Amino acid sequence: MPKIYSKSSQAWLDNDAVAAWIFLAPALILLSLFILWPIAYLFYLSFTSGMFTSDGIRWIGLNNYWRLLSNSDFWQVIFNTIYFTLATVIPSLVIPLGLAILLNQTLPLRGLLRSVYFLPSIISLVAAGLGFRWLFQNDGAVNTLLDVIGIKAIPWLSSTVWAMPVLIILGIWKQLGFNMVVFLAGLQTIPPSRYEAAELDGANAWQKFWHITLPGLQSTLIFAIITTMIFTLRSFEQVYVMTGGGPLNSTNLMVYYIYQEAFAQFDFGYAAAAATVLFAVTLILVYLQLQTWKEES
């Protein structure tokens with residue numbers, strides 16, 4: 001029977017790099033089709049009129065970006081997003097870390113408590129938003145409780161002051177369980193012998209936390225910061241369900257603003273420019289976090 005492959009082709013097929021590319025090809029094709037191509041098209045769309053009319057899409061250069069910079073609503077949304085992100089990320093790290101340290105000890109019903117705290121992470125954000133809207137509406141459970149203790153009812157979701165804190169509370173509650181599990185996993189990697197040696201040296205609880213726990217959780221903290229920051233920057237469902245960006249644009253976050261411009265105003269080019277800005281900011285923040293991780297390592 002004649003040989004189908006020559007020695008050179010057989011050597012080419014035996015090459016580890018070629019074999020790796022063959023196995024990676026299906027995943028790379030799907031990645032390009034569903035991630036890289038949409039990102040590239042988004043970037044292109046941000047330089048066009050983006051209006052799907054009889055005139056077609058027209059190239060307009062940087063006009064959409066100039067419109068963003070000169071739009072007061074856009075800057076209000078940027079401020080809202082920064083406020084929401086900072087106010088959500090910090091408690092979403094501090095509270096789960098404290099819970100993880102507590103639940104890492106030998107406690108009665110420890111397994112049940114871990115399950116209860118993790119429960120918010122598996123609840124749909126839409127369902128959670130509807131639940132929080134019911135709790136914080138004018139005649140909801142929160143105002144009923146305030147009335148019982150003699151405090152005047154607060155118009156939570158119709159107030160420019162209180163609507164954003166309600167969204168922040170929901171964001172913290174939703175992220176709490178996931179970060180707690182992440183920190184619990186990180187605590188398991190710290191050898192108990194370090195704590196035993198510190199106790200022999202007379203270290204107190206704070207010294208053990210500062211000099212052993214935090215350094216041991218360095219990579220875990222970076223991961224938690226990145227995932228929590230991405231969670232807050234892409235927040236959409238709670239705004240859509242609870243406030244609709246109001247009142248007076250006070251809870252309008254970046255993703256909801258992009259949604260409004262694209263699918264309510266049908267200004268796809270302008271929305272693409274805003275989405276490109278959000279994508280670039282997210283990439284920069286993740287890059288800075290990874291660089292910090294690398295330098296500290």
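These numbers come from a predicted model, not from an experiment. (Residues numbered from 1 in each chain as written. Predicted model: local features only at pLDDT ≥ 70, side-chain atom pairs only at ≥ 80, totals over all residues. Heavy atoms only, no water.)

Chemist: Before we go on, may I ask you to explain the packing of helix H6 (residues 125-136) against helix H8 (residues 163-188) in this structure?
Modeler: Describing two packed helices takes the angle between their axes plus the distance from one axis to the other. The interhelical angle for the contact between H6 and H8, taken along N-to-C directions, is 135°, at an axis separation of 11 Å. Judged on the interaxial angle alone, H8 and H6 are oblique. The way H6 lies across H8 gives a crossing that is right-handed. Of the residues in H8, those touching H6 at Leu-125, Ala-128, Gly-129, Phe-132 and Phe-136 are Val-166, Ile-169, Leu-170, Trp-173 and Lys-174. Among the residues making up the contact of H6 with H8, the classes are represented as eight nonpolar, one polar and one charged. (Axes fitted to C-alpha atoms, helices over the stretch in contact; angles between N-to-C directions. Helix = DSSP H or I, 4+ residues; strand = E, 2+ residues; numbered from the N terminus. Parallel < 35°, antiparallel > 145°, perpendicular 65-115°, else oblique. Left-handed = near helix turned anticlockwise from the far one by under 90°. Contact = heavy atoms within 4.5 Å. Nonpolar A, V, L, I, M, F, W, Y, C, P; charged D, E, K, R; others polar.)

Chemist: I would appreciate a short explanation of the pattern of salt bridges in the present structure.
Modeler: Where side chains of opposite charge bring their charged atoms close, a pairing between them can arise. Counting across every chain of the model gives two salt bridges. With a shortest N-O distance of 2.8 Å, Asp-267 and Arg-67 are connected by a salt bridge. Here the residue Asp-267 occupies a position in the loop between helix H13 (254-263) and helix H14 (268-296), and Arg-67 occupies one in helix H3 (residues 63-69), the gap between them amounting to 200 residues. With a shortest N-O distance of 3.1 Å, Lys-208 and Glu-199 are connected by a salt bridge. (Salt bridge = Lys/Arg side-chain N within 4 Å of Asp/Glu carboxyl O.)

Chemist: I would appreciate a short explanation of the nonpolar core in the present structure.
Modeler: The nonpolar side chains of a soluble globular protein tend to be buried, and buried together. Residues Leu-68, Phe-183, Leu-217, Met-254 and Ile-258 are the most contacted members of the largest nonpolar core, which totals 40 residues. Counting only elements with at least two residues in this core, the list comes to H3, helix H4 (72-103), H8, helix H10 (205-216), helix H11 (218-233), H13 and H14. If you look at the next biggest cluster of nonpolar residues, it comprises 19 residues, including Ile-154, Leu-170, Ile-172 and Leu-253. (Core = buried A, V, L, I, M, F, W, Y, C linked by side-chain atoms within 4.5 Å. Buried < 20%, exposed > 50% of the residue type's maximum accessible area, 1.4 Å probe, protein only.)

Chemist: Teacher, can you tell me more about the packing of helix H9 (residues 192-200) against H10 here?
Modeler: Where H9 contacts H10, the two axes come as close as 11 Å, and the packing angle between them is 150°. Comparing the axis directions of H9 and H10 gives the class roughly antiparallel. In this structure, the crossing between H9 and H10 has a hand that is right-handed. Contacts between H9 and H10 pair Arg-194, Tyr-195, Ala-198 and Glu-199 from the former with Lys-208, Ile-212 and Thr-213 from the latter. Taken together, the residues of the contact of H9 with H10 break down into three nonpolar, one polar and three charged.

Chemist: In this structure, what is going on with the side chain of Gln-175? I would like to understand it.
Modeler: Examined against the element boundaries, Gln-175 turns out to sit in helix H8. Setting aside its immediate chain neighbours within four residues, Gln-175 contacts Ser-92, Thr-227, Thr-228 and Phe-231.

Chemist: Any chance you could explain a nonpolar patch on the surface here in plain terms?
Modeler: On the surface, Trp-21, Leu-24, Leu-28, Leu-30, Leu-31, Leu-33, Phe-34, Ile-35, Leu-36, Ile-39, Phe-279 and Leu-283 cluster together to form a nonpolar patch covering roughly 1100 Å² of accessible area. Only helix H2 (16-45) and H14 provide two or more residues apiece to the nonpolar patch. With 10 residues, H2 is the single largest residue contributor to the nonpolar patch. As for its position among the elements, Leu-30 is in helix H2. (Patch = residues over 30% accessible without salt bridge, like charges linked within 9 Å, V, L, I, M, F, W, Y side chains within 5 Å. Areas by Shrake-Rupley, 256 points an atom, 1.4 Å probe, with all protein chains shown as cover.)

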